[in-house]
Amino acid sequence: MWGDLPCVALPMAHLDAVDTMTSGRAAFAVTDPPGAEAAGGTVAAGPVDIRFDLEGKRFADHLLEQEIVKHPPTRLRADGLMARRENWWWMPRVLITLTELEEVREIPARRRGEDALLVRPGAQGGAPRVDTVTARTWPEAPGGGVELWRRDGAALEGAGEPAFAFAHRHSPDFERWERWYRAGRAEGEVLKVAAGTGAPEPEPLRPYNLLARYRNHRDVVRACRAGIARAEARARSDSG
């Protein structure tokens, strides 16, 4: 939270995802961890402010302590001045702040591997519509159809609009992540698949072994440094 507003602080490794955010509007969705008492989810939608914090100062001053509590890898990389200097590439961030809560509503939590978040365009150009859905199977091949059920019991009522279903799972230490998605169009109660990758799995991910952990760390460092270099080049271009 930045003050009383939801804020996402993306590492520079995710710069490509930031480049797709061109509408100035977004929906933030959070889900209680599995097993939490009365687990549920919340979606907040509205306009967003996107700012680059290439020195990591705003992130350190306003958000770092919150992330350290929630995210073990950040605890290892930035819990102390020496760690921050050694892992300097982890501090620069893109800060995406939801500046106005136009809509806040509860959604069912994702409880099973087959559950996903379905994102569709909002009405009249508004913020995206987000629902928790499930399916018996998630075929990946383009042209296939996925029969969806909204977890709140309501009808999907697709009208041919673009739709994107996705989910992820992670290891207990939050170092290992796997994501999958299906993109296409919602027609009635079916998602017509145009593209997709990955598949849902019922079990949590096992943590990396020592060698895989080293490789993952190396990949994260490389991706963050590449994102920082691109963002700095843009800043120089804009100032010139």
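Shown above is the structure to which this text applies.
A brief structural summary. All values derive from a computational prediction rather than experimental measurement.

### Some thoughts on the sheet that holds strand β7 (residues 129-134)
Then, in step 1: In spatial order, the strands read β8-β12-β11-β10-β6-β7-β9; together these seven strands make up an open sheet with antiparallel pairing. Each edge of the sheet is formed by a strand with only one pairing partner; in this case those strands are β8 (145-147) and β9 (149-150).
Then, in step 2: Direction of pairing for β8 relative to strand β12 (residues 190-197): antiparallel, over a ladder of three bridges. Bridging from a neighbouring strand, Glu147 pairs with Val190 of β12.

### Re the pairing of strand β4 (residues 93-98)
Then, in step 1: Counting buried positions over the six residues of β4 gives six, a clear majority of the element.
Then, in step 2: Residues Arg93, Leu95 and Thr97 of β4 are buried on one face, and the alternating residues Val94, Ile96 and Leu98, pointing to the opposite face, are buried as well.
Then, in step 3: Pairing geometry for strand β1 (residues 7-11) and β4, over five bridges, is antiparallel. The residue of β4 that forms the bridge with Cys7 is Thr97.
Then, in step 4: The sheet contact formed by strand β3 (residues 41-53) and β4 spans six bridges and is antiparallel. Among the inter-strand pairings, Asp53 is bridged to a residue of β4, identified as Arg93.

### Focus on the environment of Leu118
Then, in step 1: Inspection of the secondary structure puts Leu118 in strand β6 (residues 116-120).
Then, in step 2: Each C-alpha atom, one on Leu118 and one on Asp173, is 26 Å from the other, the two residues being 55 residues apart in sequence.
Then, in step 3: Among residues more than four places away in sequence, those in contact with Leu118 are Arg129, Val130, Asp131, Val133, Leu148, Leu156, Ala163, Phe164 and Ala165.

### Observations regarding helix α6 (residues 210-239)
Then, in step 1: The terminal C-alpha atoms of α6, which comprises 30 residues, lie 44 Å apart, in line with the 44 Å expected from a rise of 1.5 Å per residue.
Then, in step 2: Here α6 has its buried residues at Asn216, Val220, Val221, Cys224, Gly227, Ile228 and Ala231.
Then, in step 3: Here the buried face of α6 lies against β1, α1 (15-19), β3 and α4 (72-78).
Then, in step 4: Structurally, the start of α6 carries an N-cap: the backbone nitrogen of Leu211 is 3.3 Å from a side-chain oxygen of Asn209.

### Things to note about the packing of aromatic side chains
Then, in step 1: For the coordinates displayed, the defined rule picks out five aromatic pairs.
Then, in step 2: An aromatic cluster is defined as three or more aromatic residues linked by ring pairs; in this entry it consists of Phe164, Phe166 and Tyr181.
Then, in step 3: Sitting over the ring of Phe59, Arg93 keeps its end group 4.0 Å from the ring centre.
Then, in step 4: Over the ring of Trp90 we find Arg93; its NZ or CZ atom is 4.8 Å from the centre of that ring.

### Comments concerning the pattern of salt bridges
Then, in step 1: Using the criterion set out here, one finds 21 salt bridges in the structure.
Then, in step 2: One salt bridge connects Asp61 with Lys57, and the closest N-O pair in it is separated by 2.8 Å. Residue Asp61 and its partner Lys57 are both found in helix α2 (residues 57-62); the two are separated by four residues, about one turn of the helix.
Then, in step 3: A relative accessible area of 51% means that Lys57 is categorised as exposed.
Then, in step 4: Between Arg112 and Asp115 there is a salt bridge, with its nearest N and O atoms 3.7 Å apart.

Calculation criteria
- Residues numbered from 1 in each chain as written.
- Predicted model: local features only at pLDDT ≥ 70, side-chain atom pairs only at ≥ 80, totals over all residues.
- Heavy atoms only, no water.
- Pairing = 2+ DSSP bridges.
- Helix = DSSP H or I, 4+ residues; strand = E, 2+ residues; numbered from the N terminus.
- Buried < 20%, exposed > 50% of the residue type's maximum accessible area, 1.4 Å probe, protein only.
- Contact = heavy atoms within 4.5 Å.
- Expected span 1.5 Å × (residues − 1).
- Polar contact = N/O pair within 3.5 Å; in protein donor to acceptor, adjacent residues only side chain to side chain.
- Phe/Tyr/Trp six-rings, centres within 6.5 Å; stacked < 30°, edge-to-face > 60°.
- Lys NZ or Arg CZ within 6 Å of the ring centre and 35° of its normal.
- Salt bridge = Lys/Arg side-chain N within 4 Å of Asp/Glu carboxyl O.

Nothing here speaks to function; it is geometry throughout.
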